[in-house]
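Per-entry structural report
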Amino acid sequence: MKRQTFFLLAVLIFTCSSLSGRGTNWVYRPDMTIYFHDMDSLANPFLCDVDSAGNIWVLSSTSTSLNAHNALYKAEPGDTIFTLFEDYSSIADVHSARGLAAINEDVFVAFRSTTTDISFVYEYPEGNPAAKIEYKGIPGFGTYIYGISVTKDRYMYGGIIYQGPRIRLWDFSGASDPVGLYVSPETTERDPGGPTATGEDAIRDVAIQKDLDYNDSSSPVYTSRNSLPGGNQGGVTVWTGGVQSDPSGYAPQALEDADSFLKWTNYVPNGLFVDHEGILWATGTDSTRRWVKGFQVDGSWATQVDELPSATSGDIADAEGAPLNVPEDVAISPDKKFAYVIDLANKCCYVFTNGDINSVKDPVKAESFLLNPAYPNPFNASTQLSFHIPHASQVDLTLYSVEGKPVKTLYSGWAPAGAHTIRFDAPENMSSGLYLVELKSSFGRQVRKIALMK
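A tally of regular secondary structure across the chain gives two helices and 32 strands. Here the chain has a C-alpha radius of gyration of 24 Å; the compact-globule value for 454 residues is 22 Å, and the two agree. Intrachain contacts of the chain at a sequence separation of at least 6 include 55% that bridge at least 24 residues. When the accessible surface of the chain is split by element, carbon and sulfur atoms take 51% of a total near 19100 Å². Averaging the positions of the 34 positive and the 53 negative side-chain charges in the chain gives two centres separated by 4 Å.

The next subject is the environment of Phe46. The residue Phe46 is located in strand β3 (residues 45–50) in this model. The spatial distance from the C-alpha of Phe46 to the C-alpha of Gly355 is 28 Å, given a sequence separation of 309 residues. Not counting residues within four places of it along the chain, the set of residues in contact with Phe46 comprises Leu59, Ser61, Ser63, Thr64, Ala97, Arg98, Val268, Pro269, Glu328, Asp329 and Ile342.

Here we come to the pattern of salt bridges. On inspection of all chains with the given rule, the structure shows 18 salt bridges. Note that Lys336 is salt-bridged to Asp275, the shortest N-O span being 2.9 Å. Within this pair, whereas Lys336 is found in the loop between β23 (327–332) and β24 (338–343), its partner Asp275 is found in the loop between β19 (272–274) and β20 (280–284), the two being separated by 61 residues in sequence. Comparing Lys336 with Asp275, the two get one shared label, buried. The network of salt bridges with shared partners includes Asp93, Glu134 and Lys136.

Looking now at the side chain of Ser224. In this structure, Ser224 sits in strand β16 (residues 221–225). On the accessibility criterion, Ser224 (0% relative accessible area) is buried. Those residues in contact with Ser224 that sit more than four places away from it in its chain are Ala202, Ile203, Arg204, Asp205, Gly235, Trp264, Pro269, Asn270 and Leu272.

Ordered by their spatial adjacency, four strands build an open sheet running β7-β8-β9-β10, and the pairing between neighbours is antiparallel. Both outer strands of the open sheet, β7 (94–103) and β10 (133–135), are each paired with one neighbouring strand and no more. Neighbour-to-neighbour, the strand axes of this sheet turn through a mean angle of 20°, independent of strand direction. As defined by bridge partners, strand β9 (residues 119–124) adjoins β10 across three bridges and the pair is classed as antiparallel. Paired with Tyr122 across the two strands is Glu134, which belongs to β10.

For the rest of this paragraph, the subject is the side chain of Glu328. For Glu328, the location among the structural elements is in strand β23. Here Glu328 sits buried without a salt bridge, and the closest side chain of opposite charge, Arg204, lies 9.2 Å off (N-O distance).

A few words now on the sheet that holds strand β12 (residues 155–160). What links the strands of a sheet is backbone hydrogen bonding, and the strands pair in either a parallel or an antiparallel sense. Strand order in this open sheet of four strands is β11-β12-β13-β14, and the pairing throughout is antiparallel. At either end of the open sheet lies a strand with only one pairing partner, and these are β11 (146–150) and β14 (181–182). Bridging between β12 and strand β13 (residues 166–171) involves six bridges; their strand directions are antiparallel. Looking at β13, one finds that Gly158 is bridged to Arg168.

Note that the residue after Asp177, namely Pro178, is joined by a cis bond; omega there is 5°. Looking at the secondary structure, you find Pro178 in the loop between β13 and β14. Here the residue pair Asn377 and Pro378 is connected by a cis peptide bond, since its omega of 5° sits within 30 degrees of zero. Residue Asn270 is not a glycine yet carries a positive backbone phi of 55°.

Quick look at the state of the cysteines now. For the structure on display, the rule yields zero disulfides. Cysteine Cys48 remains unbridged, with the sulfur of Cys349 as its closest cysteine sulfur at 6.3 Å. The structure places no disulfide on Cys348, whose sulfur is separated from the nearest cysteine sulfur, that of Cys349, by 7.3 Å.

A separate point is the environment of Leu272. Locating Leu272 in the fold gives a position in strand β19. When the C-alpha positions of Leu272 and Val330 are compared, they lie 6.5 Å apart, and in sequence the two are 58 residues distant.

What follows deals with the confidence of the model for the chain. Looking at the chain, the pLDDT average stands at 88 and 91% of residues meet or exceed 70. The model gives residues 1–24 a pLDDT under 50, and that stretch makes 15 contacts with residues more than four places away or in other chains. For residues 359–367, every residue scores under 50 in pLDDT, and the model assigns this stretch 13 contacts once sequence neighbours within four places are set aside.

So, how was this worked out
- Residues numbered from 1 in each chain as written.
- Predicted model: local features only at pLDDT ≥ 70, side-chain atom pairs only at ≥ 80, totals over all residues.
- Heavy atoms only, no water.
- Helix = DSSP H or I, 4+ residues; strand = E, 2+ residues; numbered from the N terminus.
- Rg over C-alpha atoms; globule rule 2.2 N^0.38 Å.
- Contact = heavy atoms within 4.5 Å.
- Areas by Shrake-Rupley, 256 points an atom, 1.4 Å probe, with all protein chains shown as cover.
- Lys, Arg positive; Asp, Glu negative; His and termini not counted.
- Charge placed at Lys NZ, Arg CZ, Asp CG, Glu CD.
- Salt bridge = Lys/Arg side-chain N within 4 Å of Asp/Glu carboxyl O.
- Buried < 20%, exposed > 50% of the residue type's maximum accessible area, 1.4 Å probe, protein only.
- Pairing = 2+ DSSP bridges.
- Axes fitted to C-alpha atoms, helices over the stretch in contact; angles between N-to-C directions.
- Disulfide = S-S within 2.5 Å.
- pLDDT = per-residue confidence, 0-100.

This is how it looks when you write it as structure tokens:
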């Protein structure tokens, strides 16, 4: 009896010391919450990732709601409004956005095609929309891809349901022809939850540690799988034994933890992220959880060692935490000073800081992003609109009525750093009155009023 008591006490002391050593510095920052623009009312945050520059990328998807749109958004450190990076709603072959991954400053997005059982991938080198590369019709893309993550050597892990659910690899290193070819021989092992005939119970997110060597068969790959309604198949799986150039050896183990935190319900997607210390971060999406926890993984056993403060947590609520409702996914900045949690129900991204963070916005950058007053203003027939951006960026300059209805797109595209001038000639049928000019870029958003007087 004494031996059992001592063992339980030792476990309790270890757990408490682990939590206090890692989780005490995370602070919820409501002043830094990142919102979607009012005009982006159809944005449904689904998955997120952070690049090496600390930019947060968010994927909206019809996977969460048929009323949503498929689109990619970006915010730089310190931004409080997401910039619409690309809207896929006008691309006929996009059925739904399914995966998002950033490696260095390159961004990958995986889609389910409107063609049955086909997927394809877009890559944005260095986050540049003008340099977008499409990978389509390549062997290995002939199945739905769910969730993706890319190694530092540019091998992409994704979840599939074909002969699965299981993981598959694609080679974007440039060594294969064509680039993006799937890597064979692939693993025939299935997720421990077993197959599902309908595909509803599928791998939804994939996470790797971006700085690890995935030529090492001990480097873990994590996948997150939801359950069928009323089922018990959902949870987190760790895959080891294979390597990125030969995944045939990968074998899965279902993660276990003392409180069954990692046994998912049928919510989608229960996002995952692995930080540079190897801590596995998981989002408890359903209404009984509403938390984001960090776990140390040893084999198939996961021990909670960290947590982001949540005022609504179904485990231990923190009155000073974020009002998490449906936290879909999490991403941690490379320096582990910032944590980002996207919330589907509240349609925003909650920000947490670790340690003493006084300022995250580069003052030079902030001051050099400027939409100047129009000249002349008021104007009769034409006016000059000028703006300055400190670095190359996607730029959208749009004219709105004072009620917020779009009137005309004045400029939309990739713009180099520096000063830019746009001449606006008012059409003959444009009514006199006040209008709003909005400038959006990766540096934020600014609005100016102009007045047309005929």
